[in-house]
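# Structural overview
Okay, here's what each chain looks like letter by letter:
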Amino acid sequence: MKKQTYFTCLAIILVALVVGLGFGVTMGNLLIPVIVIAGAVGAIWLCHQRVTDVMTDDLESAISGKAALKALEITVIIAAVGFAAGMGFFFSGGWGNGMHGFNNGSIMVGASQFYPSGHMIYDESYFIADPANLSLNDVVALDRMAANSHRVRDFPLAFGVGLGSVVVLLVGLYAAFSYYYTRKYEE
């Protein structure tokens, strides 16, 4: 295949990767993203092996090196901004749980998550008519409400920590490989 066809294959693989990852995440199945990523890596390798044009001359190496460095720089910047946003949301937001009792003995249980400006991002309440005789539905509803409240708050933390880890990993790998290749080619 020609280089232009190779770049078209890369674009198709990228679109398939985004769709596959999105499908796996929305389905809540962690196996799907692993299979999709492994398939994408294999497809890229297979496409690269089928290129008939010269892909390894000095100009191509310089172009690939510049493209890889720019991709690394932009990825690190985007991931660092995502890390800061996730951490900022987690540490500057607030949450609250509460109960209100009524004269007839019933209670209203509530849970909320909000931004610093008071903007409510999660607010749910559940009415319990007879607290002395909780039904299974009451217990399940209270558990679901608490879980959803924590999920709204904890997702930005997990996402931010993940992006921060990617930044550290990419910068560390870049530094390690830069050191390795500098020593290798300067001797």
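Residues numbered from 1 in each chain as written. Predicted model: local features only at pLDDT ≥ 70, side-chain atom pairs only at ≥ 80, totals over all residues. Heavy atoms only, no water.

### Focus on the overall build of the chain
Operational definition: Labels follow the DSSP assignment, with helices taken as runs of H or I lasting at least four residues and strands as runs of E lasting at least two, numbered in each case from the N terminus. Whether two residues touch is decided by their heavy atoms; if any such pair falls within 4.5 Å, the residues are in contact. Note that accessible areas follow from Shrake-Rupley with a 1.4 Å probe, and for residues the cover is restricted to the protein chains shown. In this charge count, Lys and Arg are treated as positive and Asp and Glu as negative; neither His nor the chain ends contribute. The atoms used to mark charge sites are NZ of Lys, CZ of Arg, CG of Asp and CD of Glu.
When you go through the chain residue by residue, the secondary structure sums to four helices and three strands. Listing the helices and strands of the chain from first to last along the sequence gives α-α-α-β-β-β-α. In terms of overall dimensions, the chain has C-alpha extents of about 85 × 35 × 25 Å along its principal axes. Taking the contacts inside the chain whose residues are at least 6 apart along the sequence as the reference set, 50% of them involve residues at least 24 apart. Summing over all exposed atoms, the chain offers an accessible surface of approximately 13100 Å²; the carbon and sulfur share of this is 70%. Looking at charge distribution, the chain has the averaged site of its 10 positive side-chain charges lying 10 Å from that of its 13 negative ones.

### Quick notes on the side chain of Gln-113
In plain terms, the rule: Summary of the burial criterion: residues with accessible area below 20% of their type's maximum are buried, those above 50% are exposed, and those between are partly exposed, where the area comes from a 1.4 Å probe applied to protein chains only.
With respect to the helices and strands, the residue Gln-113 is situated in strand β2 (residues 107–114). Residue Gln-113 is classed as buried on the basis of its relative accessible area of 2%. Leave out the neighbours within four places in its chain, and Gln-113 touches Gly-94, Trp-95, Met-120, Ile-121, Tyr-122, Ser-149, His-150, Val-152 and Arg-153.

### So, the sheet that holds strand β3 (residues 120–128)
Note on sheets: strands pair through backbone hydrogen bonds, and any given pair is parallel or antiparallel. Applicable threshold: If DSSP finds at least two bridges between two strands, the strands pair. Convention adopted: a line fitted to C-alpha atoms gives each axis, helices being fitted over their contacting stretch, and angles between N-to-C directions are expressed from 0 to 180 degrees.
Strand order in the open sheet formed by three strands is β1-β2-β3, and the pairing between neighbours is antiparallel. The open sheet terminates on both sides in strands that have one partner only, identified here as β1 (94–101) and β3. Strand after strand, the sheet turns through a mean of 10 degrees between neighbouring axes, direction not considered. Of the pairings in the sheet, the one linking β1 to β2 comprises eight bridges and is antiparallel in character. Each bridged residue has a counterpart across the sheet, and for Met-99 the counterpart in β2 is Val-109. Packed on one face of the sheet, helix α4 (residues 136–186) meets β1, β2 and β3 and runs near 170 degrees to β3.

### Section: the pairing of β2
Where burial is concerned, most of β2 is hidden: six out of the eight residues are buried. Two successive antiparallel strands, β1 and β2, enclose a turn made up of five residues, where Gly-105 displays a positive phi of approximately 95 degrees. Examined bridge by bridge, β2 and β3 share eight bridges and lie antiparallel to one another. Within β3, the position partnered with Gly-110 by the bridge is Ser-125.

### Considerations on the layout of surface pockets
Put simply, the test is: Buriedness for pockets is judged along seven lines, at least five of which must meet protein on both sides within 12 Å for an open set on the 1 Å grid over protein atoms alone, while cavities are sets there where a 1.4 Å probe fits but cannot get out, and lining residues have an atom within 4 Å of a point. Grid points are joined across faces, edges and corners, and a volume is the space filled by probe spheres set on the points. Lys, Arg, Asp and Glu make up the charged group, whereas Ala, Val, Leu, Ile, Met, Phe, Trp, Tyr, Cys and Pro make up the nonpolar group; the residues left over, Gly among them, are polar.
There is about 510 Å³ of room inside the largest pocket. Around the largest pocket sit Phe-7, Leu-10, Glu-60, Ile-63, Ser-64, Ala-67, Ala-68, Ala-71 and Leu-72, which together line it. Residue assignment for the lining of the largest pocket shows that the elements contributing at least two residues are α1 (3–27) and α3 (58–92). Its residues assigned to classes, the lining of the largest pocket shows seven nonpolar, one polar and one charged. Size it by volume and the second largest pocket reaches roughly 340 Å³.

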